[in-house]
Amino acid sequence: MRILVVDDHPVVRDGVRAALHASAIEVVGEATTGEEAVQHAARLRPDVVLMDLGLPGISGVEATRQVLAAVPETVVLAFTMHSDDESVFSALRAGALGYLVKGADKAELERAVHSVASGEAVFLGPGVARRVLSFFAATPIPPTRQPIAQLTEREREILDLMAAGWGNQVIARQLHLAPKTVRNHVSNVIGKLQAADRGEAVVRARAMGYGTPA
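Residues numbered from 1 in each chain as written. Predicted model: local features only at pLDDT ≥ 70, side-chain atom pairs only at ≥ 80, totals over all residues. Heavy atoms only, no water.

Undergrad: Break down the packing of helix 8 (residues 153-163) against helix 10 (residues 179-192) for me, with residues and values.
TA: Where helix 8 contacts helix 10, the two axes come as close as 10 Å, and the packing angle between them is 90 degrees. The pairing of helix 8 with helix 10 is recorded here as roughly perpendicular in orientation. Of helix 10, the residues touching helix 8 (which contributes Arg-154, Glu-155, Ile-158, Leu-159 and Met-162) are His-185, Val-186, Asn-188, Val-189 and Lys-192. (Axes fitted to C-alpha atoms, helices over the stretch in contact; angles between N-to-C directions. Helix = DSSP H or I, 4+ residues; strand = E, 2+ residues; numbered from the N terminus. Parallel < 35°, antiparallel > 145°, perpendicular 65-115°, else oblique. Contact = heavy atoms within 4.5 Å.)

Undergrad: Which residues make up the pattern of salt bridges, and what values do they have?
TA: Side chains that differ in charge, positive against negative, can pair when their charged atoms come close. Scanning the model with the defined rule gives nine salt bridges in all. Of the charged contacts, one joins Arg-17 and Asp-14 as a salt bridge, the two residues approaching to 3.1 Å between their closest N and O atoms. Of this pair, Arg-17 and Asp-14 both sit in helix 1 (residues 10-20), three residues apart, roughly one helical turn. Relative accessible area serves as the criterion here: at 40%, Asp-14 is assigned to the partly exposed category. Of the charged contacts, one joins Arg-154 and Glu-157 as a salt bridge, the two residues approaching to 2.9 Å between their closest N and O atoms. Separated by three residues within a single helix, Arg-154 and Glu-157 lie in helix 8, roughly one turn from each other. (Salt bridge = Lys/Arg side-chain N within 4 Å of Asp/Glu carboxyl O. Buried < 20%, exposed > 50% of the residue type's maximum accessible area, 1.4 Å probe, protein only.)

Undergrad: Got a sec to walk through the side chain of Thr-74? Specific residues and values, please.
TA: Relative to the elements of secondary structure, Thr-74 occurs in the loop between helix 3 (60-70) and strand 4 (75-80). At a separation of 2.7 Å, a polar atom in the side chain of Thr-74 contacts the main-chain carbonyl oxygen of Pro-46. Excluding anything up to four places from it in sequence, Thr-74 contacts Arg-45, Pro-46, Asp-47, Val-48, Val-49, Val-67 and Leu-68. (Polar contact = N/O pair within 3.5 Å; in protein donor to acceptor, adjacent residues only side chain to side chain.)

Undergrad: Tell me about unusual backbone geometry, and please be specific about residues and values.
TA: The residue Arg-45 is not glycine, and still its phi comes out positive at about 50 degrees. With respect to the helices, strands and loops of the structure, Arg-45 is situated in the loop between helix 2 (34-44) and strand 3 (48-52). Within the chain, His-176 stands out as a residue other than glycine whose phi angle is a positive 60 degrees. If you trace the backbone, His-176 turns up in the loop between helix 9 (168-175) and helix 10.

See the structure below:
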C-alpha cells in the first residue's frame, strides 16, 4: 500500500513515517501545502492520502476535492487536531472516506489507513463516530427511487454489495474486478445518488431495499 502524507509540521510527518515504517504501508511522498498535495497526488497516484485539514495555501478540505478530482482511484483520510462538526462534515462532503484525530496511536493509524484503502469508512476520535452516525440517522431518505434509475447494471450490483456491508476488496474478489475498478464504480454510485459519502449511500440503498447488513 502506498500513502502520501500531507502535513505542514515536520514532527507530525516524521511521527507518521516512523509509525508506518514497520508495516506494509509505504510512504511514497510528503507534502506541506494543499497545492503540493494535489501536485504530488497527481504525480505519485498513491492508494491513500493522509490529509491534514489545517494547511497553508488552499485548505485540506479544498485539497481533498482537487485530489479526488485529479486521481479518483485515490482515497483520502482526513487527519487533524479538530473533531468539531464543521471540520468533520466539511471533510466528508469534500470526499474524505475517513476521519482520524491526531493523537491516535500507531495501531489506530494503521487500522484507519487499511480501512479506507479497502473502501471502508472509518471515524476515530472523541465523539466523531457518534456524531456521524447520529447525522445519518437523522438524515431524511429521499422518497423517490429516481437516482437509482441512473445507475448501470454493474453499479446496482456493487451498490447491493455495499449495502450488504462488503468492502471494496471483497467486492473486487466476488465480481472478479480490479480493486481500483471497484473504487471508481463506488465513486460513481455515490455521485449519482447525490450522497455525501459511502455511508450515506449505504443508508439510502438500504432504505430502498438493497442489501442485507452483514
